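Coordinate analysis (summary)
The residues making up each chain are set out below.
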Amino acid sequence: MNASLFQRALPFLAVLGSVTALGLGTSFAKQLFPIIGAQGTTALRVGFSALILLLLWRPWRWPLSRKDARAIIQYGAALGVMNLMFYMALRTIPFGIAVAIEFSGPLGVALLSSRRRIDFLWLGLAALGLGLILPLGARAGSLDPVGVLYAMGAALCWALYIIYGKRASHLHSGHIVSLGLVVASMVALPVGIIHAGTALLDWKLLFFGLGIALVSSAIPMSLEMVALKRLPREAFGIMISMEPAVAALLGLMVLGEHLSAIQWLAIGCTILASVGSICTIQARPPVAAAAQQPS
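Throughout, a residue's number is its position along its own chain's written sequence, starting from 1. In keeping with the model being predicted, local features are shown solely for residues with a pLDDT of at least 70 and side-chain atom pairs are shown and tallied solely at 80 or more, while totals for entire chains, interfaces and linings include all residues. Only hydrogens and water are set aside when side-chain values are computed; all heavy atoms of the structure are taken into account.

The next point concerns the packing of helix H5 (residues 104-112) against helix H7 (residues 145-167). For every element, the axis is a line fit to its C-alpha atoms; helices are fit only across the contacting stretch, and the angle between N-to-C directions ranges from 0 to 180 degrees. Here a helix means four or more residues in a row that DSSP labels H or I, a strand means two or more in a row labelled E, and each is numbered from the N terminus. Where H5 contacts H7, the axes come no closer than 7 Å and their chain directions differ by 50°. With respect to H7, the axis of H5 lies oblique. H5 and H7 meet at a crossing whose hand is right-handed. For the pair H5 and H7, contact is made by Ser104, Gly105, Pro106 and Val109 and by Ala155, Trp158, Ala159 and Ile162, respectively. Gly is placed with the polar residues, together with every amino acid not listed as nonpolar (Ala, Val, Leu, Ile, Met, Phe, Trp, Tyr, Cys and Pro) or charged (Asp, Glu, Lys and Arg). Looking at the contact of H5 with H7 residue by residue, the classes come out as 6 nonpolar, 2 polar and no charged. Here is the rule for angles: anything less than 35 degrees is roughly parallel, anything more than 145 is roughly antiparallel, 65 through 115 is roughly perpendicular, and the remaining ranges are oblique. Crossings are sorted by hand: turned counterclockwise from the far helix by less than a right angle, the near helix makes the crossing left-handed, and turned clockwise it makes it right-handed. Between two residues, a contact is recorded if the distance between any of their heavy atoms is within 4.5 Å.

Written as C-alpha cells, this is what we have:
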C-alpha cells in the first residue's frame, strides 16, 4: 500500500522538485551578480547547461534538415536572449515578481490561440496581475522600471521560444533542447565575456557555475521527464503554474526579498489565470508545455 501511494505521489513530487531546483539554482545564481554581473552569470549557466545536455543527449546522432536547423536556431536565439533579459531583470526586481511577469509570455500564447469566451476571463486575470505588478500611478516607485522592462522582454522571448519550438516539435525533445542551448550559449557567452572578462576563468566561479547549471537545468529536466511520463499534460501544466509562488517563497527565504500584499495578490492572479487556462482547455494543440520554464 505504501509503495502504491508512493507511485501515485511520485509525479507530483517530481514536479515540485523540478520547480524548487530551478528556483534554488536561480537564487544561488543571483549571488554571483556582484562578482561577474548578470551577464557573466547567464553565460556560465547557459554555457554549462549546453555542455551538460550535449553530453547527455549527443544530438549529433540524429540527422537535421535545413528547415529544422533554421527552426532550432530561432528557438535557441530566443532562449538565449530570454535568459539574458531575465537575469538582467533579477538585478533590480524580486525573483517572484520577475517570474510572474515572465509568465505573461507563455500564458499569452496559450490564451490568444483561442477565441472562446472563458479564455477572456483568464486573459483578464493575467492582465490584472500584470497591472498590479507594474510600477504605475501610486506604485511608480515600487519597482525599478528598467528591471520590469527586462522581465517583459523575457516574457516576449519566452513566447517566441514556444512558437519557434513548435516548428521543431516533431524532433526528439533531447535533440531540440540540447542544440537549442548550444545556440543560446552562442548568444549569452559573448555578452558575458565582454562584461566579465577574465573573471569568468576563476576556477571557483566555474565550479559554482557548473553547480548552478546542474541544479537549474539537468535536475529539473530529468524530474520533469519523470512527471510527464506519469501525468496528463494538463495536470503537469497546472503544477508548473505554481512556479511564481515557489520563486517568491525562495526569494524570501534565500535572498531575503519581501513582497507587499499587492505583489502577492498579483502573483496569485497570474497563477489562477494559468491554472484556469489549463483546466478549461478544449481540444486545441498543446503549446509546447507553455507553462514550463525553459532554461
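On to the pattern of salt bridges. Each salt bridge in this description consists of a side-chain nitrogen of Lys or Arg and a carboxyl oxygen of Asp or Glu lying within 4 Å of one another. All told, the structure shown has 1 salt bridge when counted by the stated rule. Across the salt bridge formed by Lys30 and Glu257, the nearest N and O atoms sit 2.5 Å from each other. One end of the pair, Lys30, is in helix H1 (residues 2-30); the other, Glu257, is in the loop between helix H11 (243-255) and helix H12 (261-279), and 227 residues separate them in sequence. For each residue, the accessible area found with a 1.4 Å probe, counting protein chains only, is set against the maximum for its type, and the residue is called buried under 20%, exposed over 50%, and partly exposed in between. Judged by relative accessible area, Lys30 falls into the buried class, the value being 16%.

Where helix H2 (residues 33-57) meets helix H8 (residues 173-196), the closest approach of the two axes is 7 Å, and the angle between their N-to-C directions is 150°. Judged by the inter-axis angle, H2 sits roughly antiparallel to H8. The interaxial crossing formed by H2 with H8 has left-handed handedness. Residues belonging to the contact of H2 with H8 are distributed by class as follows: 15 nonpolar, 11 polar and no charged.

We call Phe, Tyr and Trp rings a pair once their centres come within 6.5 Å, taking the six-membered ring for Trp, and we label the pair stacked below 30 degrees between planes, edge-to-face above 60, and tilted otherwise. Summed over the entire model, instances satisfying the criterion amount to 5 aromatic pairs. Each ring, one from Tyr75 and one from Tyr161, has its centre 4.7 Å from the other, and the planes form 25°; the classification is stacked. Separated by 86 residues along the polypeptide, Tyr75 in helix H3 (residues 66-90) and Tyr161 in helix H7 bring together distant segments of the chain. The burial state of Tyr75 is the same as that of Tyr161; both residues are buried. Through a chain of ring-to-ring contacts, the aromatic side chains of Phe33, Phe86, Tyr87 and Phe95 assemble into a single cluster. The criterion for a charge sitting over a ring is simple: Lys NZ or Arg CZ within 6 Å of the ring centre, and within 35 degrees of the ring normal. A cation over a ring is seen here: Arg61 above Trp62, with NZ or CZ 4.8 Å from the ring centre.

Moving on: the side chain of Ser185. If you trace the backbone, Ser185 turns up in helix H8. Overall, the relative accessible area of 8% leaves Ser185 in the buried class.

Looking at the secondary structure, you find Val81 in helix H3. Of the residues examined, Val81 reaches a relative accessible area of 30% and is grouped as partly exposed. As a C-alpha pair, Val81 and Cys157 span 76 residues in sequence and 6.9 Å in three-dimensional space. Dropping the residues within four chain positions of it, Val81 is found in contact with Cys157 and Val187.

Within a predicted model, pLDDT stands for the predictor's per-residue confidence, ranging from 0 to 100. In this model, the chain carries an average pLDDT of 84, and 87% of its residues clear a pLDDT of 70 or more. Looking at the elements of the chain, mean pLDDT is at its lowest for helix H10 (residues 233-240), recorded as 69, and at its highest for H3, recorded as 95. pLDDT under 50 marks residues 283-292. Its contacts with residues more than four places away, or in other chains, come to 29 contacts.

Turning our attention to H11. Among the residues making up H11, those that are buried are Glu243, Pro244, Ala245, Val246, Ala247, Ala248, Leu250 and Gly251. Following H11 by one or two positions, Gly256 has its phi on the positive side, about 70°.

With that settled, the discussion passes to unusual backbone geometry. In this model, Arg58 sits at a positive phi of 45°, which is unusual for a non-glycine residue. Topologically, Arg58 is positioned in the loop between H2 and H3.

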